[in-house]
Amino acid sequence: MHPKNAGEDALPNFKPIADRQIEAILISHGHQDHIGTLPVLMRRQPAARIFMTEATAEIGNTLLHNSVNVMTRQREEIGATLYPLFTHRETDRASDFWQWCRLRQRISISGERAPQRETDALTFEFFDAGHVLGSTGILLRAKGRTIFYTGDVNFDDQTIMEAAIFPEEKIDILIMESTRGDHAKPANWTRAGEEQRLAEAIDGAFNRGGCVLIPVFALGKTQELLAMLHRFRREQLLPDFPIYIGGLSSKMTDIYDRRAHVSRRQLPRLQLMEEAAPFVLNGQTICDAPARAERIYALSSGMMVPKTLSNILGRRLVENPQHSIFFVGYADPASPAGLLRDAGPGGEVTLDPDEPAQRVRCHMNQFQFSAHASREALIEYANKLSPRKIVLVHGDPPAVEWMRATLLATLPGSEVIVPTPGVELEL
Ligand SMILES: [Zn+2]
Ligand SMILES: [Zn+2]
């Protein structure tokens, strides 16, 4: 689904497959843009089998039930009469059909373990994508040909997630994400250096006598950030301070904690809810939450979508020079977080179209903790595989364009395709 749009505009374009029967739906990971409308697709394609990792199933189930609550609320707030697009009962029924798959296991689309012998049967295999808990890239094989879809990928270690382990064999067709295609990896960037810079910026914000809002996605960025903040406190880089997160974030963090011992990750003994011990806010308590000094609010949504916790608190902080808002990941330029970041200090911003515009007086800072691969790492991976065709997806137009031009120059033997939505591609 489109993470920024609402109502019917957020639905994928299902029209091109409307009169075809889909055999299988493969879910790469549990972020909203990848799983957010799965019950709608399942309703339209009742014969399709659905495959994902066990972690993604647990995350997806939690996320979709949360979406039902959000959509039910929004039905009034934004007058979306089609909401909710699916119900709690439908979500329960849908998740009963999901089949869990382990990483690195060749599975035939018909659901059986594939025989060892090379056959004509279409098979898939999940590879660890290092993006968020449960995330995968997907290798499809049929008739001796291969297609690899990266999903959302990170080729570097994060604080919790370890770097992707992807196939390095010859691939015929590579379908690759392009999220960070419009930004060069900053010179001298290291994660350790960036963590240090964040700790110092928080210290500065506390010294100004303000609190810090960090808009984050509930899945992935919240847990990575909690792990960092926990380390800052433990190593006494900062004085002890309370951390606040939202309800969905706390549920996602519970899943990270429960699966800590069965996931491939760093800090496997770190139980975030116990040790980082965040306080949990909801739509009511956020209004009474004091914007007092030396507090960290790590709230979703990451793009500060109107009516979410990060947007509600953001509107309270934005005009006050004591307080700070830090950005730590991707924000669509047209989203409220993107608008605020681009407005800059002294600029004017409308964080919620139902509320008046505001003058930006708070302190702002940007950090690079993306869960997505740098464009340099994506190009390096494509060069290693040197596929016959490369299909670029999951990027804003300038990001895709940089990737396309660079791949054309470095891989003259490959065809680089930027697909047009709704138009069939002959692979
Ligand atoms: Zn993602
Ligand atoms: Zn995504």
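Note that this is a predicted model, so its numbers are computed, not measured. (Residues numbered from 1 in each chain as written. Chains lettered and ligands numbered in written order. Predicted model: local features only at pLDDT ≥ 70, side-chain atom pairs only at ≥ 80, totals over all residues. Heavy atoms only, no water.)

What about the overall build of the chain?
For step 1, the next point in the chain: Scanning the chain from terminus to terminus reveals 13 helices and 18 strands.
For step 2, the next point in the chain: On C-alpha atoms alone, the chain measures out to a radius of gyration of 22 Å, which is about the 22 Å that the 2.2 N^0.38 rule sets for 427 residues.
For step 3, the next point in the chain: Among the 427 residues that make up the chain, the fraction classed as buried is 52%.
For step 4, the next point in the chain: Across the chain, contacts joining residues at least 24 apart in sequence account for 73% of those joining residues at least 6 apart. (Helix = DSSP H or I, 4+ residues; strand = E, 2+ residues; numbered from the N terminus. Rg over C-alpha atoms; globule rule 2.2 N^0.38 Å. Buried < 20%, exposed > 50% of the residue type's maximum accessible area, 1.4 Å probe, protein only. Contact = heavy atoms within 4.5 Å.)

Remarks on the coordination of the zinc ion (ligand 1)
For step 1, the next point in the chain: Coordination sphere of the zinc ion (ligand 1), protein contribution only: His 29 (NE2), His 31 (ND1), His 131 (NE2) and Asp 152 (OD), at 2.2 to 2.3 Å.
For step 2, the next point in the chain: For the zinc ion (ligand 1), the four donor atoms in the first shell make angles of 90 to 163° at the metal, a pattern classed as irregular.
For step 3, the next point in the chain: Expressed as a motif, the donor residue spacing for the zinc ion (ligand 1) is H-x1-H-x99-H-x20-D.
For step 4, the next point in the chain: Separating the zinc ion (ligand 1) from the zinc ion (ligand 2) is a gap of 3.5 Å, which Asp 152 spans by donating to each of them. Remark: Asp 152 occurs in the loop between strand S7 (145-149) and strand S8 (173-177) and His 131 occurs in the loop between strand S5 (123-128) and strand S6 (136-142); sequence separation between them is 21 residues.
For step 5, the next point in the chain: On the basis of relative accessible area, Asp 152 is assigned to the buried category, the value being 2%. (Donors = N, O, S within 2.8 Å, 3.2 Å for Na, K, Ca; no water. Tetrahedral: all angles 85-135°; square planar, octahedral: opposite > 155°, others 65-115°.)

Comments concerning the packing of aromatic side chains
For step 1, the next point in the chain: Using the criterion set out here, one finds 13 aromatic pairs in the structure.
For step 2, the next point in the chain: Where Phe 166 meets Tyr 381, the ring centres are 5.8 Å apart and the plane angle is 55°; that geometry is what we call tilted. Here the residue Phe 166 occupies a position in the loop between S7 and S8, and Tyr 381 occupies one in helix H12 (residues 375-385), the gap between them amounting to 215 residues.
For step 3, the next point in the chain: What makes Phe 166 buried here is its relative accessible area of 8%.
For step 4, the next point in the chain: The exposure class assigned to Tyr 381 is buried, which follows from its relative accessible area of 3%.
For step 5, the next point in the chain: An aromatic cluster of three or more residues is present, and its members are Phe 127, Phe 148, Phe 155, Phe 166 and Tyr 381.
For step 6, the next point in the chain: Its guanidinium or amino end placed over the ring of Phe 241, Arg 233 lies 5.4 Å from that ring's centre, counting from NZ or CZ.
For step 7, the next point in the chain: Note that Arg 375 overlies the ring of Trp 402, its terminal NZ or CZ placed 3.7 Å from the centroid. (Phe/Tyr/Trp six-rings, centres within 6.5 Å; stacked < 30°, edge-to-face > 60°. Lys NZ or Arg CZ within 6 Å of the ring centre and 35° of its normal.)

With respect to H12
For step 1, the next point in the chain: All of the buried residues in H12 are Arg 375, Ala 377, Leu 378, Ile 379, Tyr 381, Ala 382 and Leu 385.
For step 2, the next point in the chain: Buried residues along H12 sit in contact with S7, S8, strand S17 (389-393) and helix H13 (397-410).

Side note on the coordination of the zinc ion (ligand 2)
Tetrahedral coordination by four donors places them ideally at 109.5 degrees to one another around the metal; octahedral coordination by six donors ideally gives 90 or 180 degrees.
For step 1, the next point in the chain: The coordination sphere of the zinc ion (ligand 2), as far as protein atoms go, consists of Asp 33 (OD), His 34 (NE2), Asp 152 (OD) and His 394 (NE2), spread over 2.1 to 2.2 Å.
For step 2, the next point in the chain: Classification of the site at the zinc ion (ligand 2) as irregular follows from its four donor atoms and the range of 89 to 167° in their angles at the metal.
For step 3, the next point in the chain: Positions of the donor residues of the zinc ion (ligand 2), expressed as sequence spacing, correspond to D-H-x117-D-x241-H.
For step 4, the next point in the chain: The exposure class assigned to His 394 is partly exposed, which follows from its relative accessible area of 29%.

Quick word on the nonpolar core
For step 1, the next point in the chain: With 63 residues, the main nonpolar core has Leu 38, Trp 98, Leu 198, Ile 202 and Phe 326 as its most contacted residues.
For step 2, the next point in the chain: Top contributing element to this core by residue count: helix H3 (residues 54-77), with seven residues.
For step 3, the next point in the chain: Here Ile 202 is in contact with Leu 229, Phe 232, Leu 238, Ile 296 and Phe 326, once residues within four sequence places are set aside.
For step 4, the next point in the chain: Counting 25 residues, the second largest nonpolar core, distinct from the first, contains Leu 139, Leu 385, Ile 390 and Leu 411. (Core = buried A, V, L, I, M, F, W, Y, C linked by side-chain atoms within 4.5 Å.)

A word on the pairing of S5
Along any regular strand, the residues point their side chains to alternate faces of the sheet.
For step 1, the next point in the chain: Counting buried positions along S5 gives six out of six residues, so the element sits mostly inside the fold.
For step 2, the next point in the chain: Burial along S5 is two-sided: Thr 123, Glu 125 and Phe 127 facing one way and Phe 124, Phe 126 and Asp 128 facing the other are all buried.
For step 3, the next point in the chain: Pairing of S5 with S6 involves six bridges; the strand directions are antiparallel. When the bridges of S6 are listed, Thr 123 appears paired with Arg 141. (Pairing = 2+ DSSP bridges.)

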